[in-house]
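Now for the letters of each chain:
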Amino acid sequence: MLKDHNLRTQQSFHHLAPKKPFLPPAVWHNAVRGMFIQTQDTPNPNSLKFIPGKEVLESRTMEFSTPAAAFCSPLARQLFKIEGVKSIFFGPDFITITKESEDLDWNLLKPDIYATIMDFFASGLPVVTEEAPRTDTAASEDDDEVVLMIKELLDTRIRPTVQEDGGDVIYKGFEDGIVQLKLQGSCTSCPSSIITLKNGIQNMLQFYIPEVEGVEQVVDDDDDVEKEANST
């Protein structure tokens, strides 16, 4: 059922969030190491996508919202040492960095981020260690038919589009017709994330899966603590 899709539905999802006029991505090249790093804007002005031209996490994604969460990633630990870095997200072939505030100038942060990424890939260390937790949406034996369809649609249609904007969406559960999702990367604090969640993801899930009545965003304990701190 998911193989036949409606082109208009797909197009409307791709163009949900307001995008800036197209500009060629910035490229930073270190001739000594022979490594190109591209940067790409995201819908979130506080998040920037860094594309090292090398595999980062193959086919999976991981988010590090605090330095403590980076215990399993040597690269994330080094990036958190840069003043002004708030959170880090690894995609299959990109790294999204979110800065602490809009007042920070990306031109001041970029040189340290470039250098850290280059030095890391030159070291030959693994991006994440074997103790890294899995956060993918792989199907399991306990999933019923509806959940399997939700996960398939997320993996084949929705997540690739969200990852283009430097973020990701992770399946967390399905209860009483409501799909529970966690937004990651540039989507976490993006002003247009609610629009993406409701008008984009919800509409597409409902189009293919009648059992879906809506979607809601869920947050982890670390996110709850951060939100409470910011509200005080």
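A quick note: this is a predicted structure, and the numbers were derived from the prediction, not measured.

A. Representation of the overall build of the chain in the model. Along its length, the chain carries six helices and nine strands. Evaluated residue by residue, the chain yields a buried proportion of 47% over its 232 residues. Long-range pairs, those at least 24 residues apart, make up 62% of the contacts in the chain with a sequence separation of at least 6. Element-wise, carbon and sulfur atoms account for 50% of the exposed surface of the chain, whose accessible area totals about 12500 Å².

B. Broad picture of the pattern of salt bridges. Summed over the entire model, instances satisfying the criterion amount to four salt bridges. Close ionic contact of Lys 151 with Asp 143 constitutes a salt bridge, the shortest N to O distance being 2.9 Å. For the pair Lys 151 and Asp 143, a shared accessibility class is recorded, and that class is buried. Notably, a salt bridge pairs Arg 159 with Asp 155, separated by 3.0 Å at the nearest N-O pair. Taken together, the residues span about one helical turn, with Arg 159 and Asp 155 both in helix α4 (residues 145–164) at a distance of four residues. Each of the salt bridges in this network shares a partner with another, and the network as a whole consists of Asp 155, Arg 159 and Asp 168.

C. α4, seen in detail. Helix length check: α4 (20 residues) gives 28 Å between terminal C-alpha atoms against 28 Å at 1.5 Å per residue, within 8%. Bending of α4 peaks at approximately 45 degrees at the position of Ile 158, with proline Pro 160 no more than four residues after it. Looking one or two residues past α4, Gly 166 carries a phi angle of roughly 85 degrees, positive in sign.

D. Molecular detail of unusual backbone geometry. The backbone phi angle of Asp 176 is positive, close to 50 degrees, even though this residue is not glycine. Along the chain, the position of Asp 176 falls in the loop between β7 (167–175) and β8 (178–185).

E. Fine view of the sheet that holds β8. Spatially, the three strands line up as an open sheet ordered β7-β8-β9, and their pairing is mixed. Strands at the two margins of the open sheet, each flanked by one partner only, are β7 and β9 (214–217). Across the sheet, the mean angle from the axis of one strand to that of its neighbour is 30 degrees, orientation sign disregarded. Examined bridge by bridge, β8 and β9 share four bridges and lie parallel to one another. Directly across from Leu 181, in β9, lies its bridge partner Gln 217.

F. Looking closely at the pairing of β8. For β8, the tally of buried residues reaches six of eight residues, placing the bulk of the element in the interior. Strand direction decides the pairing type here: β7 and β8, joined by eight bridges, are antiparallel. Paired with Val 169 across the bridge in β8 is Leu 183.

G. Structural detail: a negative patch on the surface. Together, Glu 175, Asp 176, Glu 213 and Glu 216 line one region of the surface with negative charge. Tracing the backbone shows Glu 175 in strand β7. You can call Glu 175 partly exposed: its relative accessible area is 48%.

H. Quick look at helix α3 (residues 106–123). Over its 18 residues, α3 extends 25 Å from the first C-alpha to the last, a length consistent with the 26 Å expected when each residue adds 1.5 Å. Those residues of α3 that sit buried are Trp 106, Leu 109, Lys 110, Ile 113, Tyr 114, Thr 116, Ile 117, Met 118, Phe 120 and Phe 121. The N-terminus of α3 is capped by Asp 105, whose side-chain oxygen sits 2.9 Å from the backbone nitrogen of Asn 107. After α3 finishes, the residue Gly 124 shows a positive phi value of roughly 80 degrees.

I. The arrangement of the packing of aromatic side chains in detail. One pass over the structure, following the stated rule, counts five aromatic pairs. Ring centres of Phe 89 and Phe 94 lie 5.9 Å apart, and the angle between their planes is 40 degrees; on these two criteria the pair is classed as tilted. The interplanar angle of 80 degrees and the centroid separation of 5.7 Å between the aromatic rings of Phe 120 and Phe 121 together place this pair among those described as edge-to-face. One exposure class covers both Phe 120 and Phe 121, and it is buried.

Parameters at a glance
- The numbering scheme is per chain: residues are counted from 1 as the chain's sequence reads.
- Restriction of local features to residues with pLDDT of at least 70 applies here, the model being predicted, together with a cutoff of 80 or more for giving and counting side-chain atom pairs; totals for whole chains, interfaces and linings are based on all residues.
- Computation of side-chain values covers all heavy atoms of the structure but excludes hydrogens and water.
- In this description a helix means any DSSP run of H or I spanning at least four residues, a strand means any run of E spanning at least two, and both kinds are numbered starting from the N terminus.
- Each residue is placed in one exposure class: buried if its accessible area under a 1.4 Å probe, protein chains only, is under 20% of its type's maximum, exposed if it is over 50%, and partly exposed if it falls in between.
- Contacts are assigned to residue pairs that have any heavy atoms within 4.5 Å of one another.
- With residues, only the protein chains shown are counted as cover, and all accessible areas are computed by Shrake-Rupley using a 1.4 Å probe.
- The rule for a salt bridge is simple: a side-chain nitrogen of Lys or Arg has to be within 4 Å of a carboxyl oxygen of Asp or Glu.
- To estimate the expected span of a helix, count its residues, drop one, and scale the result by 1.5 Å.
- The seven residues ending at a residue and the seven starting there each receive a fitted axis; the angle between those axes is the bend at that residue.
- A pair of strands counts as paired when DSSP detects no fewer than two bridges linking them.
- To define axes, lines are fitted to C-alpha atoms, for helices over the stretch in contact only, and angles between the resulting N-to-C directions are given on a 0 to 180 degree scale.
- Within the patch definition used here, like charges are joined within 9 Å and nonpolar side chains (Val, Leu, Ile, Met, Phe, Trp, Tyr) within 5 Å, considering only residues with over 30% relative accessible area and no salt bridge.
- Working convention for charge: Lys and Arg count positive, Asp and Glu count negative, and His plus the chain ends are omitted.
- Here the site of a charge means atom NZ of a Lys, CZ of an Arg, CG of an Asp or CD of a Glu.
- We define a polar contact as two N or O atoms separated by no more than 3.5 Å, with the added condition that, inside protein, one atom must be a possible hydrogen donor and the other a possible acceptor, whereas residues neighbouring each other in sequence contribute only through side-chain atom pairs.
- Side-chain rings of Phe, Tyr and Trp, where Trp is taken by its six-membered ring, are said to pair if the distance between their centres is within 6.5 Å; with planes under 30 degrees apart they count as stacked, over 60 as edge-to-face, and otherwise as tilted.

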